[in-house]
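Fold and contact review
In case you want the letters, here they are:
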Amino acid sequence: MSTYQIAVIPGDGIGPEIVAAATQVLQQLAQVTSLTFELTTYEAGAATYLKHGDALPAETMMACRQAHAIFKGPTGLPDVRLPDGTEAGVLGGRFRRSLDLYVNLRPIKLYPNVPTALANRQAGEIDWVMVRENTEGLYASRGCGVVASTGQAVTDTLMITRLGTERIVRYAFEEARRRNGKKRVCCVDKSNVLRSFVFFRQIFKEIAAAEYPDIATDFMYVDAAAQAIVLEPDRFDVMVTENMFGDILSDLGGATIGGVGVCAGANIGDNAAYFEPIHGSAPNLAGKGTANPLSAILSLGLMLRYLNELAAAQRLEQAIETAFQQKTIMLNPDGSAQSGTQAVTEAVLKQLVINN
Ligand code: IPM
Ligand code: MG
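Conventions adopted
Residues numbered from 1 in each chain as written. Chains lettered and ligands numbered in written order. Predicted model: local features only at pLDDT ≥ 70, side-chain atom pairs only at ≥ 80, totals over all residues. Heavy atoms only, no water. Phe/Tyr/Trp six-rings, centres within 6.5 Å; stacked < 30°, edge-to-face > 60°. Helix = DSSP H or I, 4+ residues; strand = E, 2+ residues; numbered from the N terminus. Domains from an automatic or database assignment. Contact = heavy atoms within 4.5 Å. Buried area = accessible area lost by both parts, 1.4 Å probe. Salt bridge = Lys/Arg side-chain N within 4 Å of Asp/Glu carboxyl O. Polar contact = N/O pair within 3.5 Å; in protein donor to acceptor, adjacent residues only side chain to side chain. Buried < 20%, exposed > 50% of the residue type's maximum accessible area, 1.4 Å probe, protein only. Pairing = 2+ DSSP bridges. Right-handed = clockwise from strand over helix to strand, strands pointing away. Near = heavy atom within 4 Å. Areas by Shrake-Rupley, 256 points an atom, 1.4 Å probe, with all protein chains shown as cover. Nonpolar A, V, L, I, M, F, W, Y, C, P; charged D, E, K, R; others polar. Expected span 1.5 Å × (residues − 1). Axes fitted to C-alpha atoms, helices over the stretch in contact; angles between N-to-C directions.

1. Structural notes on the packing of aromatic side chains
Tallied over the full model, the rule gives 10 aromatic pairs. Consider the rings of Phe95 and Tyr274, whose centres lie 5.1 Å apart with planes at 40°: the pair is tilted. Note that Phe95 is positioned in helix α4 (residues 92-98) and Tyr274 in strand β12 (residues 273-277), a separation of 179 residues in sequence. Measuring from ring centre to ring centre gives 5.5 Å for Trp128 and Phe236, while their planes differ by 50°; the resulting arrangement is tilted. Within this pair, whereas Trp128 is found in strand β5 (residues 127-133), its partner Phe236 is found in the loop between α7 (222-231) and β10 (238-241), the two being separated by 108 residues in sequence.

2. Side note on the domain arrangement of the protein chain
As far as domains go, the protein chain holds domain 1 (1-102 + 269-356) and domain 2 (105-268). Between the C-alpha centres of domain 1 and domain 2 the distance comes to 22 Å. Of the residues lining the interface, 33 residues belong to domain 1; the matching set on domain 2 comes to 31 residues. For the domain 1 face of the interface with domain 2, the top three residues by lost area are Arg96, Tyr102 and Ile278, together amounting to 30%. Between the two partners, domain 1 and domain 2, sit 2 salt bridges. Lys109 is paired through a salt bridge with Glu321; the nearest N and O atoms lie 3.5 Å apart. For the pair domain 1 and domain 2, the number of links is 16 residue pairs in polar contact (both at pLDDT 80 or more). Every element with two or more residues in the side of domain 1 that touches domain 2 is listed here: α4, β12, α9 (294-306) and α10 (310-325).

3. Focus on the pairing of strand β8 (residues 184-189)
Of all the 6 residues making up β8, 5 are buried; the element is thus mostly covered by neighbouring parts of the structure. Direction of pairing for β8 relative to strand β9 (residues 216-221): parallel, over a ladder of 6 bridges. Paired with Asp189 across the two strands is Tyr221, which belongs to β9. In this fold, the crossover linking β8 to β9 by way of helix α6 (residues 195-211) has right-handed handedness. The sheet contact formed by β8 and β10 spans 4 bridges and is parallel.

4. Digging into the site of ligand 1
The environment of ligand 1 is formed by Val90, Arg96, Arg106, Arg132, Tyr139, Arg142 and Asp247. Taking Arg106, its side chain carries an N or O atom lying 2.9 Å from an oxygen atom of ligand 1. At a separation of 2.9 Å, an oxygen atom of ligand 1 approaches a polar side-chain atom of Arg142. Starting from 310 Å² of accessible surface for ligand 1 in isolation, the protein chains cover 71%. Here the residues of the shell around ligand 1 are counted per class, giving 2 nonpolar, no polar and 5 charged.

5. Observations regarding the environment of Ala347
Tracing the backbone shows Ala347 in helix α11 (residues 341-354). What Ala347 contacts, discounting residues up to four positions off in sequence, is Thr328 and Ile329.

6. Considerations on helix α5 (residues 162-178)
The end-to-end C-alpha separation of α5 is 24 Å, in line with the 24 Å expected for 17 residues at 1.5 Å each. Buried within α5 are the following residues: Gly164, Thr165, Arg167, Ile168, Val169, Tyr171, Ala172, Phe173, Glu175 and Ala176.

7. A few points about the side chain of Arg201
For Arg201, the location among the structural elements is in helix α6. Other than its neighbours up to four places away in sequence, Arg201 contacts Cys187, Asp189, Ser191, Phe219, Met220 and Tyr221.

8. Some words on the sheet that holds β8
Paired through backbone hydrogen bonds, the strands of a sheet run either parallel or antiparallel to each other. Here 10 strands make up an open sheet; going across it, the order is β2-β1-β3-β12-β11-β4-β5-β10-β8-β9 and the pairing mixed. Two strands lie at the open edges of the sheet, namely β2 (36-41) and β9, each paired on one side alone. Strand-to-strand twist across the sheet, computed as the mean angle between neighbouring axes with direction ignored, equals 25°. In the sheet, strand β4 (residues 103-109) pairs with β5 via 7 bridges, with the strands oriented antiparallel. The residue bridging Lys109 from the neighbouring strand is Asp127, located in β5. α7 rests against β5, β8, β9 and β10 of the sheet, and its axis sits at about 110° to β9.

9. Some points on the side chain of Thr241
In this fold, Thr241 is placed in strand β10. For Thr241, a relative accessible area of 0% puts it in the buried group. A distance of 2.8 Å separates a polar atom in the side chain of Thr241 from the backbone oxygen of Val188. Here Thr241 is in contact with Met130, Val131, Arg132, Glu133, Val188, Phe200 and Gly246, once residues within four sequence places are set aside.

See the structure below:
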């Protein structure tokens, strides 16, 4: 009879609608398991910035530190900018750094009957997970880029540290052990060009040899990996890579499984974690009832796994899988929900009850 305190951040644009859909699912899941979720909503994002001058108020941050987990919708609006030109409502950098959430875990799994941009790919053929380093790499430069005095040159610096690389590489190998997959970790880098990536690959090899002789390894340059995600996705089980590469390749992976509308993400550290769709707030879709809530609903599965509630996570994932199989959830080729947000949510709710 576990009780979990969850800090909920609805976010901007379509965030509140898909988060509301996901919380309905979570409460239904609570009913069919012996779990209790105490959800408390906190403000953060672009609208919060406009209201209070800070996209992540101290009260929200404090609550997030204390919760068992944080469940977050997409935040940020394209027109709400900081004086330096970057988006004010984007919270990834702040949360990930201040809570030291060094893992960004993004499953790339093709569900049955989902139209994919890849011709002739069936469910089961694409099933891998991105382990993106989440606190350093090129994005360590967030907020720190240097503009030359002429104003005509700007630098951002890519940082790879031993500690940062060791911990993400270990997580990737542990994930390969946990998964019922090929037990293979692919190191994606650009070590043919940049010294920082020679260092990254060297640390990967050290850890693989010393601690994970039972797990197979694979190495790819990031450009070749981009091609392989499209041409031979069945090659992958766990991919580990630098922050920006992981950002880009996880959206590419998303495109192979029906679009980012079905892409869930976990941001995990040793003491905190938050769960969110990997896509943005899509303000043009807000309020229309057409947003696909699956990215948020699937993020719940990652949250349940993090909380070590594996049976509940499997139950949810099975309900989604069956709904796809039975075509009670249908997606358009662009990843949007054919029947709308509420219909997708109800399909999952119904399946949770039937499977009970
Ligand atoms: C992501 C997003 C964020 C990132 C943006 C919104 C700052 O693209 O989580 O993938 O770059 O990390
Ligand atoms: Mg991204």
